[in-house]
Amino acid sequence: MTDDHRELIGSNRFISTHFPESCCSDEKMAQKGAHLSSENISCSICLDPLKDPVTLSCGHSYCMVCIKAHWDGEDQRRIYSCPQCRKTFTPRPNLEKNVLLAELVEQLKNTGLQAAAADHCYAGDEDVSCDFCTGRKMKAVKSCLFCLASYCKNHLQPHYESPAFKKHQLVEPSKNLQENICSRHDRVMEIFCRTDQQLICYLCSVDEHKGHDMVSAAAERTKKKLQTSRLNIQQRIQSREEDVKLLQQQVKNINISADKTVEDSEKMFTQMIQLIQKRSQDVEQQIRSLQDTEVSRVKDLQETLEQEISDLKRKDAELKRISDTRDHNQFLLNYSSESAVGESTHSSSINTSVQEDFKDMTAAVKQLKDKLQDVLRDSWTNISLIVPQPDVLQPQPEPEPEPKTRAELLKYSQQITLDPNTAHTCLLLSKGNRKVTVMDQHQSYPAHPDRFTDCFQVLSRESLTGRCYWEVDWRGGFIVAVSYKNISRTGSLNDCDFGYNDKSWSVQCDTNSYSFCYNNSRTFLSGPPSSRVGVYLDHSAGILSFYSISETMTLLHRVQTTFTQPLHAGVRLYIRGSTAKFIDHYKP
């Protein structure tokens, strides 16, 4: 940094302190003392309260040490200036301590103005401090990437006011400015090497990075800023915020629905309880009615029997009296009238079957209870099937990387067998339903709703989820596919042909070409000719890849989507005599 440069920085970076243009009398200074602030008694160089103050002829005051250090930097020019008003002095003035000002500063310190100096924004432990403050450091407000220095508000002014600093780049205060310096050449790193992906200086660019792809750091920042566009992030934030609002509304709807369901179920259970209680009361009333009827009948019978017993006892006593008389005539006269006994109540009138009736009622109620238990058990099972059980939160393992080599793909080998119920009647299945051939004659397959009737197609029996891989050898006209099971089995080309709808994905293999088809949109592919293709599916990740398999493995096409149903492997043959055979992956 040149002396002129240093002088320009030093001379413009301070706040003016407005003391009187000439020395004041003791009385005037004392009158103004009460109105002085912490800024009035601070040195504009170190920004601390004045120490051994000296006053220049221009009226500005400084710490003696601070102004001497400032003039030491101007010794070479032999012209000495006031850092605030820029007034010059020749020769260098002799400095004398301003005793009155020193006493005033000391007096104001004793009255508490020193504490007010804390109002200055001094740098703390976590702050970036100004590199140009002497004494107590002020907090930096900006750092300069050109000067590689940090400035407080006062010392930053030349960067705003002087044209010499116009091209300097100011950034937020940073403690890491030295990271912008090349450790090898001690120069600012202003170039980005795209070849090595690192910042370098000019000497690096003509030395070990010569011939590399290099741009300015600003250009690389612009590129990376475009690559990581804030607009995209903001759009994602907005999308996620909308998702959060939807989830919040869903929580509200769930709570409302759950409360309503609980309320309705409580009402229905209350009604069922009331119905059971009503039936219990009816049963009790029937039992009590039968009880009253039977008790009344039994009591009537009991009274009849008791009356009969009383009559018989009376008759027995009279007969005893007649029997004991010695008068034969009296005996014979009374015997005929007293010896006649009336008809006795038959024992069959005593009915004990009512106890059996009560047992039957008890059995009927028990049967009703058992039926109700069965109904409640079956109904609860149905309710449990309707309501999904919450998943138990388990630590999820890290997802495995997508396989890249054939050896890695074969780890996910899936045995594929073809479903005869889906095969067109011109397709012959053999080799354990792992090989299919187009025949001239129709095969005697039974009628089945899953059978393809308009396309020479067949689906696998296996439902494919998770990670799966399989390979197919082919000859003739061949299409390999994956499809949802609910694809149409008859109708137009767009309804049932693999690849011509949104329910299937297919790759057509010809002798010298390949093409991918989905939802009636065809894409021509490049790849080496081969009589074997491989298919990799990661259902949960939504990845579907097709490979050409020969001495090498070549990726023909990769699909990234979201699968909403389990998939089935599919084959379509469109030339008479064409064949396709699923390979036993355990015997590659």
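Just above, that's the structure.
Residues numbered from 1 in each chain as written. Predicted model: local features only at pLDDT ≥ 70, side-chain atom pairs only at ≥ 80, totals over all residues. Heavy atoms only, no water.

Caption draft 1: Geometry of the side chain of threonine 417. Topologically, threonine 417 is positioned in the loop between α12 (406–410) and β11 (427–430). Side-chain polar atoms of threonine 417 contact the side chain of glutamate 462, separated by 2.5 Å. Not counting the four nearest positions on each side in its chain, threonine 417 is found in contact with Gly432, Asn433, Arg434, Ser460, Arg461 and Glu462. (Helix = DSSP H or I, 4+ residues; strand = E, 2+ residues; numbered from the N terminus. Polar contact = N/O pair within 3.5 Å; in protein donor to acceptor, adjacent residues only side chain to side chain. Contact = heavy atoms within 4.5 Å.)

Caption draft 2: Focus on the environment of cysteine 82. Mapped onto the secondary structure, cysteine 82 falls in the loop between β3 (80–81) and β4 (88–89). Cysteine 82 sits eleven residues away from tryptophan 71 along the chain, and the two C-alpha atoms are 9.0 Å apart. Setting aside residues no more than four positions away along its own chain, cysteine 82 makes contact with Leu56, Cys58, His60, Tyr62, Lys87 and Phe89.

Caption draft 3: Layout of the sheet that holds strand β14 (residues 467–475). Taken in spatial order, the seven strands make up an open sheet running β11-β12-β23-β14-β19-β20-β21, and their pairing is antiparallel. A strand with exactly one partner marks an edge of an open sheet, and here the two such strands are β11 and β21 (553–560). Between one strand axis and the next, the sheet turns through 20 degrees on average, direction left out of account. In this sheet, strand β23 (residues 579–582) lies alongside strand β12 (residues 435–438) in antiparallel orientation, the contact comprising three bridges. Looking across to β23, one finds that threonine 437 is bridged to threonine 579. (Pairing = 2+ DSSP bridges. Axes fitted to C-alpha atoms, helices over the stretch in contact; angles between N-to-C directions.)

Caption draft 4: Here's a closer look at the pattern of salt bridges. Using the criterion set out here, one finds 22 salt bridges in the structure. In this structure, arginine 184 engages glutamate 208 in a salt bridge whose closest nitrogen and oxygen atoms are separated by 3.0 Å. Pair noted here: arginine 184 is in the loop between β7 (170–171) and β8 (191–193) and glutamate 208 is in the loop between α7 (202–205) and β10 (214–216), with a separation of 24 residues, a long-range link. According to the relative accessible area criterion, arginine 184 is exposed, its value standing at 54%. Classification of glutamate 208 by relative accessible area gives partly exposed; the value is 36%. Residue glutamate 356 pairs with lysine 359 through a salt bridge whose shortest N-O separation is 3.9 Å. Taken together, the residues span about one helical turn, with glutamate 356 and lysine 359 both in helix α11 (residues 354–386) at a distance of three residues. Residue glutamate 356 is classed as partly exposed on the basis of its relative accessible area of 43%. The exposure class assigned to lysine 359 is exposed, which follows from its relative accessible area of 53%. Taken together, the shared-partner salt bridges connect Arg406, Glu471, Asp473 and Arg532 into one network. (Salt bridge = Lys/Arg side-chain N within 4 Å of Asp/Glu carboxyl O. Buried < 20%, exposed > 50% of the residue type's maximum accessible area, 1.4 Å probe, protein only.)

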